[in-house]
Amino acid sequence: GLTIGYLAQKVDHRPEDTVKQFVLTGFREEEAEHKHYLADMIIAPLGLDPDKPMNALSGGQLRRAALARALLV
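Residues numbered from 1 in each chain as written. Predicted model: local features only at pLDDT ≥ 70, side-chain atom pairs only at ≥ 80, totals over all residues. Heavy atoms only, no water.

**Student:** Just to check I follow, could you spell out the overall build of the protein for this structure?
**Tutor:** Each helix and strand in the protein was counted, giving 3 helices and 0 strands. Expected size for 73 residues packed as a compact globule is a radius of gyration near 11 Å; at 11 Å, the protein falls within 12% of this value. Along the first, second and third principal axes, the C-alpha set of the protein runs to 35 × 25 × 20 Å. The proportion of buried residues among the 73 residues of the protein is 34%. A separation of at least 24 residues holds for 68% of the contacts in the protein among residues at least 6 apart in sequence. As displayed, the protein has an accessible area near 4,900 Å², and 55% of this comes from carbon and sulfur atoms. (Helix = DSSP H or I, 4+ residues; strand = E, 2+ residues; numbered from the N terminus. Rg over C-alpha atoms; globule rule 2.2 N^0.38 Å. Buried < 20%, exposed > 50% of the residue type's maximum accessible area, 1.4 Å probe, protein only. Contact = heavy atoms within 4.5 Å. Areas by Shrake-Rupley, 256 points an atom, 1.4 Å probe, with all protein chains shown as cover.)

Here it is as structure tokens:
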């Protein structure tokens, strides 16, 4: 029951994506729908706005968004 996530040093993202879209990237559509609630539960405590575009984030916020994506796996 152990899952290992990976947090890359450099955060590769599409600038036009929102934080929530970025966090849900890589999931199939039916999985993404199921994970929307979980994504919100992870994003909020990290102090991120799920509707903010990725290109408007600071370096630290980018790392927190990447952490949120790794935690959702």
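After presenting the structure, the write-up continues.
**Student:** How should the side chain of Lys 20 be read in this particular structure?
**Tutor:** With respect to the helices and strands, Lys 20 occurs in helix α1 (residues 19–24). Of the residues examined, Lys 20 reaches a relative accessible area of 17% and is grouped as buried. Setting aside residues up to four positions removed in sequence, Lys 20 forms contacts with His 36, Asp 40, Ile 43 and Pro 50.

**Student:** When you look at helix α2 (residues 29–43) in this model, what are you seeing that I'm missing?
**Tutor:** Turn by turn, an α-helix covers 3.6 residues, leaving residues three or four places apart pointing in a common direction. Lys 35 marks the point of greatest bend in α2, at about 50°. Those residues of α2 not exposed but buried are Ala 32, Lys 35, Ala 39, Ile 42 and Ile 43. Buried residues along α2 sit in contact with α1 and α3 (59–72). (Bend = angle between axes of the 7 residues up to and from the residue.)

**Student:** Even after reading the chapter, I still don't get the packing of α2 against α3, so can you show me in this structure?
**Tutor:** Helix-helix packing is characterised by the crossing angle of the two axes and by the distance between the axes. Two elements in contact, α2 and α3, have axes separated by 10 Å at closest approach and are oriented at 135°. Taken together, the axis directions place α2 and α3 in an arrangement best described as oblique. You can see that α2 and α3 cross each other, and the crossing is right-handed. Between α2 and α3, the residues in contact are Lys 35, Leu 38, Ala 39, Ile 42 and Ile 43 and Ala 68, Leu 71 and Leu 72, respectively. Grouping the amino acids of the contact of α2 with α3 by side-chain chemistry returns 7 nonpolar, no polar and 1 charged. (Axes fitted to C-alpha atoms, helices over the stretch in contact; angles between N-to-C directions. Parallel < 35°, antiparallel > 145°, perpendicular 65-115°, else oblique. Left-handed = near helix turned anticlockwise from the far one by under 90°. Nonpolar A, V, L, I, M, F, W, Y, C, P; charged D, E, K, R; others polar.)

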